[in-house]
Amino acid sequence: MMNGQKVSKLVVLVVNAATSPATGRDQSASVPGLIDTLTTAATVPLDNYSFDTVELLGKTMGEFNTDARLVEGCNRLSAGRGEQCALKLPAPHKVDLYPIQVTFEYIASPEERNWFKNLPTTFELPRETIDKLRAVGRRLLSEDPQFQNLMKVLSGCLAGGGRAC
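Keep in mind the model is a prediction, meaning the values are calculated, not measured. (Residues numbered from 1 in each chain as written. Predicted model: local features only at pLDDT ≥ 70, side-chain atom pairs only at ≥ 80, totals over all residues. Heavy atoms only, no water.)

A look at the pattern of salt bridges
Throughout the structure, instances matching the rule amount to six salt bridges. E112 is paired through a salt bridge with R139; the nearest N and O atoms lie 3.0 Å apart. Residue E112 is located in helix 2 (residues 110-117), and its partner R139 is located in helix 3 (residues 127-143); the two are separated by 27 residues in the primary sequence. You can call E112 partly exposed: its relative accessible area is 25%. Residue R139 is classed as partly exposed on the basis of its relative accessible area of 30%. Each of E112, R139 and E143 takes part in one network of salt bridges that share partners. (Salt bridge = Lys/Arg side-chain N within 4 Å of Asp/Glu carboxyl O. Helix = DSSP H or I, 4+ residues; strand = E, 2+ residues; numbered from the N terminus. Buried < 20%, exposed > 50% of the residue type's maximum accessible area, 1.4 Å probe, protein only.)

Quick look at the structure:
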């Protein structure tokens, strides 16, 4: 779809609602138990995987856009030598990437961050807790710099009479 010029903006929204309830494991010299070890072994790689995936996507999109600029440059240079020298290579369509991340880690207030990170991981939460989760999710999304950039670009598209964006 990118090469077919049907995609100009790629938005990747990563939501990390992982919790990390406070434990007393760092309060004693005893060796952590099996449950603590398994929990840590399961959650740390997931956090790293999400980060690495976004980084890899950004690098890949950067290479894709660099290739598009290089092909465009080659076409300009060859055309500048005359019509008989023009290469007319098909250039990949440039795509703008907006990696947006929403995570409890971005909550500025340590008290509020700790409250959310200590929520139980159950399939049923009180209505008040769900309302707080939705509100903090909206707030974190609106505070994300990439989301703000996307909204500016899209509002410019709308202000421009719906030009192709």
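This is not the end of the story, as more comes after the structure.
Quick notes on helix 4 (residues 145-159)
Here helix 4 contains 15 residues, and its C-alpha end-to-end distance of 21 Å stays within 8% of the 21 Å for a straight helix at 1.5 Å per residue. For helix 4, the full list of buried residues reads F147, L150 and C157. Buried residues in helix 4, looked at end-on, bunch into an arc of 80°, giving them a common side. Opposite the buried face of helix 4, at more than 90 degrees from it, the exposed residues are P145, K152 and A159. On its buried face, helix 4 sits against strand 1 (9-16), strand 2 (96-103) and helix 3. For helix 4, the side-chain oxygen to backbone nitrogen distance between the N-cap and Q146 is 2.9 Å, and the N-cap itself is D144. (Expected span 1.5 Å × (residues − 1). Arc of directions from axis to C-beta. Contact = heavy atoms within 4.5 Å. Polar contact = N/O pair within 3.5 Å; in protein donor to acceptor, adjacent residues only side chain to side chain.)

Considerations on the packing of aromatic side chains
For the coordinates displayed, the defined rule picks out two aromatic pairs. Arranged with centres 4.9 Å apart and planes meeting at 90°, the rings of W115 and F116 form a pair that is edge-to-face. You can call W115 partly exposed: its relative accessible area is 35%. Clustering of aromatic rings is evident, with ring pairs tying together F104, W115 and F116. Residue placement shows K132 over the ring face of W115; its charged tip is 4.6 Å from the ring centre. (Phe/Tyr/Trp six-rings, centres within 6.5 Å; stacked < 30°, edge-to-face > 60°. Lys NZ or Arg CZ within 6 Å of the ring centre and 35° of its normal.)

Section: the packing of helix 3 against helix 4
Axis separation between helix 3 and helix 4 bottoms out at 5 Å; the angle between their running directions is 70°. By the criterion of interaxial angle, the relationship of helix 3 to helix 4 is roughly perpendicular. Between helix 3, through L141, S142 and E143, and helix 4, the contact on the second element is made entirely by P145, F147 and Q148. Its residues assigned to classes, the contact of helix 3 with helix 4 shows three nonpolar, two polar and one charged. (Axes fitted to C-alpha atoms, helices over the stretch in contact; angles between N-to-C directions. Parallel < 35°, antiparallel > 145°, perpendicular 65-115°, else oblique. Nonpolar A, V, L, I, M, F, W, Y, C, P; charged D, E, K, R; others polar.)

Here's the deal with the confidence of the model for the protein chain
Within the protein chain, residue pLDDT values average 80, and 77% of them lie at 70 or more. Confidence, read as mean pLDDT per element, is least for helix 1 (residues 34-79) in the protein chain (73) and greatest for helix 3 (96). (pLDDT = per-residue confidence, 0-100.)

Focus: the side chain of T103
Here T103 shows up in strand 2. With sequence-adjacent residues up to four places away left out, T103 is seen in contact with N16 and L140.

Structural notes on the side chain of N75
Counting through the fold element by element, N75 comes out in helix 1. The exposure class assigned to N75 is buried, which follows from its relative accessible area of 17%. Leaving out residues up to four positions away in the same chain, N75 has contacts with L87, K88 and L89.

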